[in-house]
Amino acid sequence: MNQKRILEICANSAASCVEAEAGGAARVELCAGIPEGGTTPSYGEIRMAKELTSHIDINVIIRPRGGDFLYTPAEIQSMLYDIELAKQLGVHGVVFGCLTKEGDVDVPLLNKLVAASKPLSVTFHRAFDVCRDPFEALEQIIAAGCDRILTSGQQQDAVKGIPLLAELVQRAAERIIIMPGCGVRENNIAQIEQETGAKEFHTSARSTVFSQMVYRNENVPMGSAALGSEFETQQTDRKKVSACLM
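Note that the structure is a prediction, hence the values are computed from the model and not measured.

Reading the values: the criteria
- Residues numbered from 1 in each chain as written.
- Predicted model: local features only at pLDDT ≥ 70, side-chain atom pairs only at ≥ 80, totals over all residues.
- Heavy atoms only, no water.
- Salt bridge = Lys/Arg side-chain N within 4 Å of Asp/Glu carboxyl O.
- Helix = DSSP H or I, 4+ residues; strand = E, 2+ residues; numbered from the N terminus.
- Buried < 20%, exposed > 50% of the residue type's maximum accessible area, 1.4 Å probe, protein only.
- Pairing = 2+ DSSP bridges.
- Axes fitted to C-alpha atoms, helices over the stretch in contact; angles between N-to-C directions.
- Contact = heavy atoms within 4.5 Å.
- Phe/Tyr/Trp six-rings, centres within 6.5 Å; stacked < 30°, edge-to-face > 60°.
- Lys NZ or Arg CZ within 6 Å of the ring centre and 35° of its normal.
- Lys, Arg positive; Asp, Glu negative; His and termini not counted.
- Arc of directions from axis to C-beta.
- Polar contact = N/O pair within 3.5 Å; in protein donor to acceptor, adjacent residues only side chain to side chain.
- Right-handed = clockwise from strand over helix to strand, strands pointing away.

Visitor: Where do I start with the pattern of salt bridges in this structure?
Guide: Opposite charge on two side chains permits pairing when their charged atoms draw close. The tally for this structure, following the rule as stated, stands at 13 salt bridges. Here glutamate 193 makes a salt bridge to arginine 5, at a shortest N to O gap of 2.7 Å. Here the residue glutamate 193 occupies a position in helix H7 (residues 189-196), and arginine 5 occupies one in the segment before strand S1 (6-11), the gap between them amounting to 188 residues. Of the two residues examined, glutamate 193 and arginine 5, each falls in the buried class. Across the salt bridge formed by aspartate 129 and arginine 126, the nearest N and O atoms sit 2.7 Å from each other. Where salt bridges share partners, they join Glu8, Arg27, Arg148 and Glu200 into one cluster.

Visitor: What exactly am I supposed to notice about the sheet that holds strand S7 (residues 177-180) here?
Guide: Reading across from one edge, S7-S6-S5-S4-S3-S2-S1-S8 is the order of the eight strands in this open sheet, with parallel pairing throughout. Looking at the sheet topology across the chains shown, the edges are occupied by S7 and strand S8 (200-203). Looking at each pair of strands side by side, their axes are set apart by 25° on average, direction ignored. In terms of strand pairing, strand S3 (residues 57-61) meets strand S4 (residues 93-96) through three bridges, oriented parallel. Directly across from isoleucine 61, in S4, lies its bridge partner valine 95. Against the sheet, helix H1 (residues 14-23) makes contact with S1 and strand S2 (27-30), and its axis sits at roughly 165° relative to S2, the strand it touches most.

Visitor: Looking at this structure, how should I read the packing of aromatic side chains?
Guide: Aromatic ring pairs are described here by two measures, namely the spacing of the ring centres and the angle between the planes. Using the criterion set out here, one finds zero aromatic pairs in the structure. Against the face of phenylalanine 135 rests arginine 171, its NZ or CZ located 3.8 Å from the ring centre.

Visitor: Would you mind going over the side chain of glutamate 21 with me for this structure?
Guide: With respect to the helices and strands, the residue glutamate 21 is situated in helix H1. Here glutamate 21 occupies a buried position and makes no salt bridge, while the nearest side chain of opposite charge, arginine 238, is found at 8.7 Å. If we skip the residues at most four places from it in the chain, glutamate 21 touches Thr53, Ser54, His55 and Ile56.

Visitor: Would you explain helix H5 (residues 134-144) in this entry?
Guide: Every α-helix winds through 3.6 residues per turn, so residues three or four apart in the chain are directed the same way. Turning to H5, its buried residues number three or more, namely Pro134, Ala137, Leu138, Ile141, Ile142 and Ala144. The buried residues of H5 occupy an angular sector of 160° when the element is viewed end-on, so they sit on one face. Its side-chain oxygen placed 3.0 Å from the backbone nitrogen of phenylalanine 135, aspartate 133 serves as the N-cap of H5. One or two steps after H5, the chain reaches glycine 145, where phi turns positive at roughly 95°.

Visitor: How should the pairing of S2 be read in this particular structure?
Guide: When a strand is regular, its side chains alternate between the sheet's two faces. Burial along S2 is two-sided: the residues Arg27 and Glu29 and Val28 and Leu30 are all buried. Bridge analysis of S1 against S2 gives four bridges, and the strand direction is parallel. Following the sheet pairing, cysteine 10 is matched in S2 by glutamate 29. Handedness of the β-α-β unit built from S1, H1 and S2 comes out right-handed.

Right, dumping it as structure tokens:
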């Protein structure tokens, strides 16, 4: 096992947090709404993740909805309430990002969210990947006091983003952690590590879990039919987690 490689798992449930811990991951980013890119999980999900794990760090995404990262006053207040709840539940950290309508980091809002989050660890999420100027954003996020940036290098996946990821790692100069994510798998993580110099990586490491239902009415989807069968779910797989650490 590569002891220097730190793995964060994008966990979609408390059960996925259990699998991430069993596979040797250092940390999870606990999310709901994975098809939307991740939204804030419920109180119950966060609490169960804490109760069912013993030592893995749990970071909670603070994102009130899918879509862009330009937030209304009501959404901002919702984020502040969720940060307060995350602190009360004793999680390790929070994950958020915010942009202006021009595509820059919303620095006043970021400073407000970071201040509200103390003393928790703070990750700036993939809002970074749709900002106008990644190098200006890097300096602003460092100045705000964030601990890491989750990024695909402003590409569809982290392999395609290797050139920018490598430059970000160099420019960060250990002032902040650059954590490649999106499309990171056991078959490419070593390449991304070698070519970027990154030490922390973000992956889902999920497998399909089939429903135990015997009676099935497959003609009535509960959500978008494009999401697939109601009788299949995705869950982090401890074997895939372990494979990413080899």
